[in-house]
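Now for the letters of each chain:
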Amino acid sequence: MVDEKRWLLLIHQLPPKPDYFRVKIWRRLQRLGSVAIKNSVYVLPKNDQTQEDFQWVLREIIEGGGEASLCEARFVEGLSDEQVEALFQAARGAEYDEIAEEARRLAEIPLPEGQIEDSRRTQSEIDLARLKRRLAEVVAIDFFGALGREAAEGLVSGVEARMRDKRLGKEIGTVTATRREDLQGKTWVTRKGIHVDRMASAWFVRRFIDSGARFKFVPPKGYKPLPGELRFDMFEAEFTHEGDRCSLEVLIERTGLRDPALSPIAEIVHDIDLKDSKFGREETAGIDRLIAGIAMAHKDDESRLTRASAVFDDLYEYFRRKRG
């Protein structure tokens, strides 16, 4: 029989003193990626690793004079699975936003003039190493593919590339072009639960690269691409965030398509996806609401793509007329 128990619940009661012990347990639960559904109840998705993690915390609580129990559950009382997943996504999304903001700060720090000695690490490089470790920690506990991961990864990798190019004496910001004909006849792979950048990127692929393009929507972790597949807007993808550019911007830039009507669309998608108000277009708020409505109304990714594509088709024609 298939085990349908999906969640692990850690129910605990901590002693009122000492305060440091309560803080220690709270930090341990945070590092595991668990979320609180009540003050004394934490939840994790059930697998061998999370079960072992919770068991260690349970043992630590009991040895510290508290009470704790661990149970498996098919559902969390009072919440749907989607609502529980949303709690995880919100927690990880907030952490990705913090990492992205720190990466933007690092990107604004002027690089030192002249050649940097190989044996010398700048403060920015030390800060970057710390930020990369933090990003890896958050990715490891991102169980449900929170929004913001690709933006954070792209910004961190952009800062890293900038520093590396400086050491090697290369020109910063060099873009590798890709011929559109080499991208035809492929299956395009991205994470399930598509949102604005993945929606727009898929629309761009089907409208400007390959009208017969096939799409595959996969879990956020552990997918190995098959021959003839191209990944976009996901970890280690062929097309994903680079520096402060979202996946759609990277696709447009790498394929060399010079269409004035695409620029404002890319700017809108950038501001919705990266939430940095870089371009501040007046149409952004309305498109953001439309995309959010599509995501709420349709769980199936093909349905989301169909409806979002209609939005981007209309937007593209609007900017064509406006610029014509």
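Residues numbered from 1 in each chain as written. Predicted model: local features only at pLDDT ≥ 70, side-chain atom pairs only at ≥ 80, totals over all residues. Heavy atoms only, no water.

## Digging into the pattern of salt bridges
- A complete count under the given rule lists 34 salt bridges for this structure.
- A salt bridge links Lys-24 to Glu-60; its shortest N-O distance comes to 3.0 Å. Separated by 36 residues along the polypeptide, Lys-24 in helix 1 (residues 19-32) and Glu-60 in helix 2 (residues 48-63) bring together distant segments of the chain.
- Accessibility expressed as a relative area gives 38% for Lys-24, which makes it partly exposed.
- Ionic contacts of the salt-bridge type, sharing partners, join the residues Arg-92, Glu-95, Arg-134 and Glu-137 into one network. (Salt bridge = Lys/Arg side-chain N within 4 Å of Asp/Glu carboxyl O. Helix = DSSP H or I, 4+ residues; strand = E, 2+ residues; numbered from the N terminus. Buried < 20%, exposed > 50% of the residue type's maximum accessible area, 1.4 Å probe, protein only.)

## Let's talk about the nonpolar core
- Judged by nonpolar contacts, the single largest core of 42 residues is most densely connected at Trp-188, Phe-204, Phe-215, Leu-248, Ile-265 and Phe-312.
- Elements supplying a minimum of two residues to this core: helix 6 (196-209), strand 6 (214-218), helix 7 (247-255), helix 8 (262-274), helix 9 (284-297) and helix 10 (301-323).
- At nine residues, the largest contribution of residues to this core is made by helix 6.
- Once you skip the residues sitting within four places of it in the chain, Trp-188 turns out to touch Leu-183, Val-205, Ile-209, Ala-213, Arg-214, Phe-215, Lys-216, Leu-230, Phe-232, Phe-239 and Leu-251. (Core = buried A, V, L, I, M, F, W, Y, C linked by side-chain atoms within 4.5 Å. Contact = heavy atoms within 4.5 Å.)

## Brief notes about the packing of helix 6 against helix 7
- The interhelical angle for the contact between helix 6 and helix 7, taken along N-to-C directions, is 25°, at an axis separation of 8 Å. With respect to each other, helix 6 and helix 7 are oriented roughly parallel. Here Asp-197, Ala-200, Ser-201, Phe-204, Val-205 and Ile-209 of helix 6 come into contact with helix 7, specifically with Ser-247, Leu-248, Leu-251, Ile-252 and Thr-255.
- Of the residues contributing to the contact of helix 6 with helix 7, the split by class is seven nonpolar, three polar and one charged. (Axes fitted to C-alpha atoms, helices over the stretch in contact; angles between N-to-C directions. Parallel < 35°, antiparallel > 145°, perpendicular 65-115°, else oblique. Nonpolar A, V, L, I, M, F, W, Y, C, P; charged D, E, K, R; others polar.)

## A look at the sheet that holds strand 7 (residues 229-231)
- Taking strand neighbours across the sheet as the criterion, the three strands line up as 6-5-7 in an open arrangement whose pairing is parallel. Sheet topology places strand 6 and strand 7 at the edges, where each strand pairs with a single neighbour. If you compare each strand with its neighbour and ignore which way they point, the axes differ by 30° on average. (Pairing = 2+ DSSP bridges.)

## Considering the sheet that holds strand 1 (residues 7-13)
- Read across the open sheet, the four strands follow the order 2-3-1-4; overall the sheet is antiparallel. For this open sheet the edge positions go to strand 2 (35-38) and strand 4 (67-73), each flanked by a neighbour on one side alone. With direction set aside, neighbouring strand axes in the sheet form an average angle of 30°.
- Judged from the seven bridges that link them, strand 1 and strand 4 form a sheet pairing that is antiparallel.

## Here's the deal with unusual backbone geometry
- With omega at 0°, the peptide bond leading from Lys-17 into Pro-18 counts as cis.
- Along the chain, Pro-18 falls in the loop between strand 1 and helix 1.
- A positive phi angle, near 50°, is found at Asp-233, a position not held by glycine.
- In this fold, Asp-233 is placed in the loop between strand 7 and helix 7.
- The class for Asp-233 is buried, based on a relative accessible area of 3%.

No statement about biological role is implied by the geometric values presented.
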